[in-house]
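# Commentary on secondary and tertiary structure
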2 protein chains.
Amino acid sequence: MITVTVDLKQRSYPIFIGSGLLNQPGLLDPYIEGRDVLVVTSESIAPLYLEPLQQMLGQSRHSVVVLPDGEHHKNLTTLNLIFDELVAQRFGRDCVLVALGGGVVGDMCGFAAASWQRGVDFIQVPTTLLAQVDSAVGGKTAVNHAGGKNLIGAFHQPLCVLADTDTLRTLPERELSAGLAEVVKYGLIKDAALFEWLESVAGKLINRDSPSLGHAIKRSCEIKAAVVAADEHERGQRTLLNMGHTFGHAIERCAGYGTVLHGEAVAAGSVMAATFSMRLGWISEADVERIKDLLVRLALPTQPPGMDAEEFYSAMSLDKKVAAGQIRLVLLRAIGDAELVTNYPGDQLLQLLREQLN
Amino acid sequence: MITVTVDLKQRSYPIFIGSGLLNQPGLLDPYIEGRDVLVVTSESIAPLYLEPLQQMLGQSRHSVVVLPDGEHHKNLTTLNLIFDELVAQRFGRDCVLVALGGGVVGDMCGFAAASWQRGVDFIQVPTTLLAQVDSAVGGKTAVNHAGGKNLIGAFHQPLCVLADTDTLRTLPERELSAGLAEVVKYGLIKDAALFEWLESVAGKLINRDSPSLGHAIKRSCEIKAAVVAADEHERGQRTLLNMGHTFGHAIERCAGYGTVLHGEAVAAGSVMAATFSMRLGWISEADVERIKDLLVRLALPTQPPGMDAEEFYSAMSLDKKVAAGQIRLVLLRAIGDAELVTNYPGDQLLQLLREQLN
């Protein structure tokens, strides 16, 4: 087991990464002993991992909420199912919520924990690669609004994150690739060596080579932990983690939530960001091709499905990264070096969209 | 104009108290200049004060959401009306929300601000006495769940609070009294001199004597500001502000939200807490009578409507003040001195309920 720490002073917490963690009794005891526990999971995950997790809870009084699967259920109505159970069980301010599942479960359970009685503790047990490398780490929680992704939420850090890499064995191929899109993103914005390593082991990763996946998760968590420790509330460098996401969120929205996986949208969005960076003379065409090649080898899309450019632009302008009416973009100075940009020529962005979206 | 400051280091903020503040141009400029503004108000308040507030907003781009009146609309569904407008206006992370109205508007607007894009700024412009002395100060925001009051919310401090005492002229009599119940509470828990002063000016307060109301608001805000500065997240002494509220919330719930005003429930709940304090030998019967007398003179109830004791006990046990299954009560050592209590005889509480609720 590897432990990566997110350093947030008195709110610091560990990310446990390794094989067989869900069968390691006692690991959660320091966080749950003597407390009421509500496990929040989803229909697809419950049959696979609920039982081992319940074993880990030991004698703690606990209850379970099983949410329907899918991004289109990530809204206030589904969130209320968690509150209903907390009310039914009469769980108080000292209870602990446990998110067992992918990004949707983690985001919703985290926001429920942030809001229940104005804030209770929670634990992340991510079971998808995307959640293990990204969404379960850093305290961003949210639900979607019909108008956009993650528009309603809170910053709320977990007590710990438990990433059992064995759960990746049951992950559908598309979801494995979707998680790798976020790993590529870390390489692109912060770590050229990680990007090069990904190029060298792309085949192994797709074939679920355990040591390779373990390293990818560890390195991703290290990068994210450092960024979050420096800028928890995204007032500065944390914005860089959104590379590919402003385009990606618009792809998800215009395609209809759930049609395209988040990681797939981030992959296509990263190529759009890289292409725009090239247009501004920041990176070379060869760099863009390298990025596309790696994504293709990871079974990820390199362009969005066909959609209307004006509608897409409108969706982008609702993204949270908008400041004072200007869409802020994270673009690439080089592979491994990203920058937040606001003062680009707006007509060039629209032109890019018109070309890329048809 | 008087200014009371809530001292929370870099998040400190002023409470402006005085006559004619809603007609004082420039007062809000430091908080809104160059930013998009969403005013959240209610059907009964908009015709009275929306126009002067809009004058104060000057050239700021702004929009308005008018919520239906009443505690029974304080839920996630109504909250979404605020998010709908934020989406429709495409307001970003740099926007400011303004709560113009009573406690329901302030609590909902504040929670919307806490959650929109994981947190944006907001301003409180309370127009009821209860909001001016209590709910608009201290950063507690929330909506109700069918299972209990304020169960879903956040701690989120405003940029400033603007309490124009002229708005109290249009306040219905019942709501004026309801606000005074919270002022009595401050006297009971922290300030015997305030309690005595209230006894000496009860008639003036009911007749809306402006200097007397101004002093009541100032002193209440001073006490609340000191408590919040010492314990923002209610881990210690802030709990004392809930004197009468654990009983009060159960009264509101069992009577049906909106039937009994919050302040009325707090008044009756305070008498229940005082009576229980007397049963434990903490205060005298004369003290309880003094409290009842003052409340009667302020046109407030001194006992709850008839309701079922077991149902009431069950409602109390869902209150946020419950820890480890034990209902925590704020009781009185003396008038002006309160204490949080968990180790009281549970059967005595049930006996009290059976006597008081019939």
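Residues numbered from 1 in each chain as written. Chains lettered and ligands numbered in written order. Predicted model: local features only at pLDDT ≥ 70, side-chain atom pairs only at ≥ 80, totals over all residues.

### Quick look at the domain arrangement of chain A
Reports of interface size often rely on the accessible area that becomes lost once the parts have come together. All names here are of chain A. In terms of domain boundaries, chain A breaks down into domain 1 (2-170) and domain 2 (173-356). Computed over C-alpha atoms, the centres of domain 1 and domain 2 are 25 Å apart. Residue assignment for the side of domain 1 that touches domain 2 shows that the elements contributing at least two residues are β1 (2-6), β2 (13-18), α5 (129-135) and β8 (148-155). Counting residues per element, the side of domain 1 that touches domain 2 draws most heavily on α5, at five residues. For the side of domain 1 that touches domain 2, the residue count by class is 13 nonpolar, 13 polar and five charged. (Domains from an automatic or database assignment. Helix = DSSP H or I, 4+ residues; strand = E, 2+ residues; numbered from the N terminus. Nonpolar A, V, L, I, M, F, W, Y, C, P; charged D, E, K, R; others polar.)

### Description of helix α6 (residues 173-190) of chain A
For α6(A), which comprises 18 residues, the first-to-last C-alpha distance of 26 Å matches the rise-based estimate of 26 Å (1.5 Å per residue) to within 8%. Taking burial as the measure, the 18 residues of α6(A) include 16 buried ones, the bulk of the element. (Expected span 1.5 Å × (residues − 1). Buried ≥ 20, exposed ≤ 12 C-beta atoms within 10 Å, placed from the backbone.)

### Some thoughts on the pairing of strand β4 (residues 62-67) of chain B
Residues and elements named next belong to chain B. Both strand β3 (residues 37-42) and β4 contribute to a ladder of six bridges, which runs parallel. Bridging from a neighbouring strand, Val39 pairs with Val64 of β4. Remark: the β3/helix α2 (residues 46-57)/β4 crossover connection has right-handed handedness. (Pairing = 2+ DSSP bridges. Right-handed = clockwise from strand over helix to strand, strands pointing away.)

### So, the interface of chain A and chain B
With 29 residues of chain A at the interface, the matching set in chain B holds 29 residues. Contributions of two or more residues to the side of chain A that touches chain B are made by α3 (76-89), α4 (103-115), β7 (140-145) and β8 of chain A. Take the side of chain A that touches chain B: its biggest share by element is six residues, from β8(A). The class makeup of the residues in the side of chain A that touches chain B is 14 nonpolar, nine polar and six charged. (Contact = placed C-beta atoms within 7 Å.)

### A look at the nonpolar core
In terms of nonpolar packing, the biggest core is built from 236 residues, with A:Val40, A:Leu97, A:Val98, A:Met108, B:Val40, B:Leu97 and B:Val98 touching the most fellow members. Contacts of A:Val40, omitting those with residues within four sequence positions, involve A:Val65, A:Leu67, A:Ile82, A:Leu97, A:Val98, A:Ala99, A:Leu100, A:Val105, A:Met108 and A:Cys109. (Core = buried A, V, L, I, M, F, W, Y, C linked by C-beta atoms within 7 Å.)

### What to know about the relation of the copies chain A and chain B
Taken as rigid bodies, chain A and chain B are interconverted by a rotation of 180° and an axial shift of 0.0 Å, the fit giving an RMSD of 0.0 Å. Both chain copies can therefore be described as sitting about a two-fold axis. When C-alpha positions in chain A are compared against the rotation axis, the closest is assigned to A:Leu76, at 3.6 Å. Here 100% of the contact residues of chain A are again contact residues in chain B; the copies associate through an equivalent surface. (Least-squares fit on C-alpha atoms with pLDDT ≥ 70 in both.)

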